[in-house]
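Descriptive structure summary
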Amino acid sequence: MATPGVSSGTTPTEPGQAPRHPRLVWRQTVVAAAQLENPSARTLRLDVPGWSGHRAGQHVDVRLTAPDGYQATRSYSLSSGPHEPPQITVQRTDEGEVSPFLVDVVEIGDALEVLGPLGGYFVWDPTPEPLLLVGGGSGIAPLRSLWRAAPAQPDVAILYSSRAREDVLFEDELRMWGPSVRLHLTREAADGFVQGRLDRASLEEALRAHERQPDVFVCGPTSFVEAMASWLTDLVDDPRRIRTERFG
Amino acid sequence: MTFVDGNALAGALALAFGCEMTGSEGVCGACGLRHGLAEAKVYLRCPGMVMRCPRCRNAEIVIVEIEHQLHLTVRGLASITFRSDTPDPAAVT
């Protein structure tokens, strides 16, 4: 019996024709490029054999195997646009087991195992509908894949909250979206930034700027997403058009 | 222990079920809530991964990987609804 969405692996194909849907398998990949975004975050561009693009919002699982066989797997959002070479932007967490290695140790040419692209809920395929992106901390990473997916999208608003100036990711690109971007800092003040947390009033203001309800994507630490989603659910007509991803 | 959401299980569930699952819905076997799997409360490295009902916290799915075998206990879900047109996780629209 055919299972939807799965290649059986034995599906007959014409000679020389690649299978229509590659099976989801762990793939050995190589770090093709590495760029420090700020003192605690690094973007790794991956050379993934057989990669055929992804949907904005998707992520990959990355698995590391130590010499003694111990394995650790973590999920990282793709911060690249759907048709760009795949890249992940990794935020070092203090008690992390994998992120300090990916940010501080891994080098160009090193091998990683990758599973993906993954995700069928927190995804966006470009539509003419207005878009509101709400990011906390490294939650801005998957949201970048959305604005890279539709650079000419006419009606995009972006709300982004970081602790301090040095934690901000992709500032230059964000500024290019002009007045529809509000960058907040919660622990310090700086020119060009709103001082203080994103709150219900910030969301209300952003929603009012659209002629009709936008599709909303919220990503960041769990406590951030819970607060934003709770307010947004109250403020919009159709809560099903709010998509959330919690980083923990 | 802080939680994440069902998005974090996308890889394990896709390997287990053979298709993208985070767009699917489940019905909690304890309280009857119908919810997207992406909206479940997920606890990682418990050890293992535990997916809980977002309303009543009932353990719906438990996933443990032992020596390259994925063990799933789907003890707390009354049903799962798949879209029959769920795209392959690796497909690009």
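Just so you know, these numbers come straight off a predicted model, no measurement behind them.

**Describing the overall build of chain B**
When helices and strands are tallied, chain B shows 1 helix and 8 strands. Its helices and strands in sequence order give chain B the pattern β-α-β-β-β-β-β-β-β, from N to C terminus. Looking at chain B as a whole, 40% of its 93 residues qualify as buried. Taking the intrachain contacts of chain B between residues at least 6 apart in sequence as the baseline, contacts between residues at least 24 apart amount to 53%.

**Quick word on the overall build of chain A**
Within chain A, the secondary structure is distributed over 5 helices and 12 strands. Taking 18 Å as the expected radius of gyration for a compact globule of 248 residues, we find that chain A reaches 19 Å, a close match to that expectation. If one aligns the C-alpha atoms of chain A with their principal axes, the spans along those axes are about 55 × 40 × 30 Å. When each of the 248 residues of chain A is scored for burial, the buried share is 40%. Summarising the internal contacts of chain A: among those between residues at least 6 apart in sequence, 65% fall at separations of at least 24.

**Some words on helix 1 (residues 10-17) of chain B**
When we look at burial in helix 1 of chain B, the residues that qualify are Ala-10, Gly-11, Ala-12, Leu-13 and Ala-14 of chain B. For helix 1 of chain B, the elements touching its buried residues are strand 3 (59-65), strand 4 (71-77) and strand 6 (111-118) of chain A together with strand 5 (49-52), strand 6 (59-66) and strand 7 (69-73) of chain B. Where helix 1 of chain B terminates, the next one or two residues include Gly-18 of chain B, which has phi positive at roughly 85°.

**A look at the nonpolar core**
Of all hydrophobic cores here, the largest spans 74 residues; its most connected members are Val-60, Leu-133, Leu-146, Phe-217, Val-218 and Met-228 of chain A together with Leu-9 of chain B. Counting residues per element, this core draws most heavily on helix 2 (residues 140-149) of chain A, at 6 residues. When sequence neighbours within four positions are dropped, the list of residues in contact with Val-218 of chain A reads Val-134, Val-225, Met-228, Ala-229, Ile-242 and Thr-244 of chain A.

**Details of the sheet that holds strand 7 (residues 131-136) of chain A**
All names here are of chain A. The 6 strands lie next to each other as 10-9-8-7-11-12, forming an open sheet whose pairing is parallel. Bordering the open sheet on either side are strand 10 (194-195) and strand 12 (242-246), each of which pairs with just one other strand. Relative to the sheet, helix 2 contacts strand 7, strand 8 (156-162), strand 11 (215-220) and strand 12, its axis offset from that of strand 7 by approximately 155°.

**Digging into the domain arrangement of chain A**
Residues and elements named next belong to chain A. Each assigned domain of chain A is listed with its residue range as follows: domain 1 (27-118) and domain 2 (131-246). Using only C-alpha atoms to locate each centre, domain 1 and domain 2 end up separated by 24 Å. Contacts between the two partners involve 16 residues from domain 1, matched on the other side by 13 residues from domain 2. Going through the elements one at a time, strand 1 (27-38) and strand 5 (87-91) are the ones with two or more residues in the side of domain 1 that touches domain 2. Looking at side-chain class alone, the side of domain 1 that touches domain 2 contains 5 nonpolar, 9 polar and 2 charged residues.

Reading guide: rules and limits
- Residues numbered from 1 in each chain as written.
- Chains lettered and ligands numbered in written order.
- Predicted model: local features only at pLDDT ≥ 70, side-chain atom pairs only at ≥ 80, totals over all residues.
- Helix = DSSP H or I, 4+ residues; strand = E, 2+ residues; numbered from the N terminus.
- Buried ≥ 20, exposed ≤ 12 C-beta atoms within 10 Å, placed from the backbone.
- Contact = placed C-beta atoms within 7 Å.
- Rg over C-alpha atoms; globule rule 2.2 N^0.38 Å.
- Core = buried A, V, L, I, M, F, W, Y, C linked by C-beta atoms within 7 Å.
- Pairing = 2+ DSSP bridges.
- Axes fitted to C-alpha atoms, helices over the stretch in contact; angles between N-to-C directions.
- Domains from an automatic or database assignment.
- Nonpolar A, V, L, I, M, F, W, Y, C, P; charged D, E, K, R; others polar.

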